[in-house]
Amino acid sequence: MIYGPFGLPIITATLGVAVFRVYGGIMNAGIAVFVDFENLRRVGASLFAPDLSNEATVCPSLVADLIATRRPTATPVTSITVVRGEPSRFRDPHAASRFGRDAARWSLDPRIRKRFRPLHYGPHGAKESGVDVRLSLDFVEAAKSRRFEAVVLLTGDSDFGPALDDAASSGTRVELAFWAKEAKRFGSPLADYAIRQKYLWAHQLTEDGFWDCVPDQRTAA
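Since we're looking at a predicted model, the values are computed, not measured.

*Asks:* Tell me what's going on with the packing of aromatic side chains, and back it up with residues and numbers.
*Replies:* Evaluation of the coordinates by the stated rule reveals 8 aromatic pairs. For the pair F210 and W211, a centre-to-centre distance of 5.0 Å together with 80° between the ring planes defines the contact as edge-to-face. Here the aromatic cluster, defined as three or more aromatic residues joined through ring pairs, consists of F37, F99, W106 and F116.

Take a look at the structure:
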């Protein structure tokens, strides 16, 4: 017998390609990944593709599957929530066109749930509004539902500390993923907090992983 959170017994069964585990009578289906997309794109590009920082995009599906390969147990990703600011096609047609291409690609993966928030335009340009709140609420709700074996937050934004606290208190396994240079273990203050203070499992994603998750790069290859 294998035991999970709170000493509850785990029953494992394979249904099709998904692996389900039952913790104390609650069925858990795979891993849920929650993506702060603009942070994922911007930080990865600034670290590994500064010459393409405004154009480089990253595929959430590829990143989620990369994370799954780094975990200690072979459990598939069954849910990917992507939260992103949506540009106005009137104020920034180029960004809106790029956004549309990304959204169309993501629609091909049934695991992806798209959560878009309109960008706020002010005197200093466009700014995301409500993205962190929306992602935090979805992440914590999934952890508390106990529907997943693990929930993974993909961001380097330090504002998500309270969300990690709330999710970790649920009993569901909570993990963090972030981009980092090869020589650095902690790529952000949030990673440092998650590892040193919360003792959470963390996935350090490096340059090789970044280029594996850039769709245009994979097509060119």
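Alright, that's what it looks like, and here's the rest.
*Asks:* Give me the lowdown on the environment of L153, citing residues and values where you can.
*Replies:* You can see L153 is positioned in strand β10 (residues 150-154). The residues touching L153, leaving out its near neighbours within four places in the chain, are F34, L135, F139, F160, L164, E175, L176 and A177.

*Asks:* Just give me the short version of helix α1 (residues 37-48), but keep the residues and values in it.
*Replies:* Its 12 residues give α1 an end-to-end C-alpha distance of 16 Å, which sits within 8% of 16 Å, the value for a rise of 1.5 Å per residue. Among all positions of α1, only F37, E38, N39, L40, R41, G44, A45 and F48 are buried.

*Asks:* Now, about unusual backbone geometry: what can you tell me, with residues and values included?
*Replies:* Of note in the backbone geometry, R146 takes a positive phi value of approximately 60° without being a glycine. As for its placement among the helices and strands, R146 is situated in the loop between α4 (131-145) and β10. Owing to a relative accessible area of 12%, R146 belongs among the buried residues under this scheme. The backbone of Y199 sits at a positive phi, close to 55°, despite the residue not being glycine.

*Asks:* Account for the packing of helix α5 (residues 161-168) against helix α6 (residues 189-197), naming residues and giving values.
*Replies:* The interhelical angle for the contact between α5 and α6, taken along N-to-C directions, is 25°, at an axis separation of 10 Å. Taken together, the axis directions place α5 and α6 in an arrangement best described as roughly parallel. In this structure, α5 meets α6 at a crossing whose hand is right-handed. Counting all contacts with α5, which are made through G161, L164 and D165, the residues of α6 involved are L190, Y193 and A194. Looking at the contact of α5 with α6, its residues break down into 4 nonpolar, 1 polar and 1 charged.

*Asks:* Talk me through α5; I want residue IDs and the actual numbers.
*Replies:* The α-helix advances 3.6 residues per turn, and as a result positions three or four apart in sequence lie on the same side. Listed as buried for α5 are G161, A163, L164 and A167. With its buried residues spanning 160° around the axis, α5 presents them on a single face. Structurally, α5 contributes buried residues whose contacts are with α4, β10, β11 (173-179) and α6.

What counts and what doesn't
Residues numbered from 1 in each chain as written. Predicted model: local features only at pLDDT ≥ 70, side-chain atom pairs only at ≥ 80, totals over all residues. Heavy atoms only, no water. Phe/Tyr/Trp six-rings, centres within 6.5 Å; stacked < 30°, edge-to-face > 60°. Helix = DSSP H or I, 4+ residues; strand = E, 2+ residues; numbered from the N terminus. Contact = heavy atoms within 4.5 Å. Expected span 1.5 Å × (residues − 1). Buried < 20%, exposed > 50% of the residue type's maximum accessible area, 1.4 Å probe, protein only. Axes fitted to C-alpha atoms, helices over the stretch in contact; angles between N-to-C directions. Parallel < 35°, antiparallel > 145°, perpendicular 65-115°, else oblique. Left-handed = near helix turned anticlockwise from the far one by under 90°. Nonpolar A, V, L, I, M, F, W, Y, C, P; charged D, E, K, R; others polar. Arc of directions from axis to C-beta.

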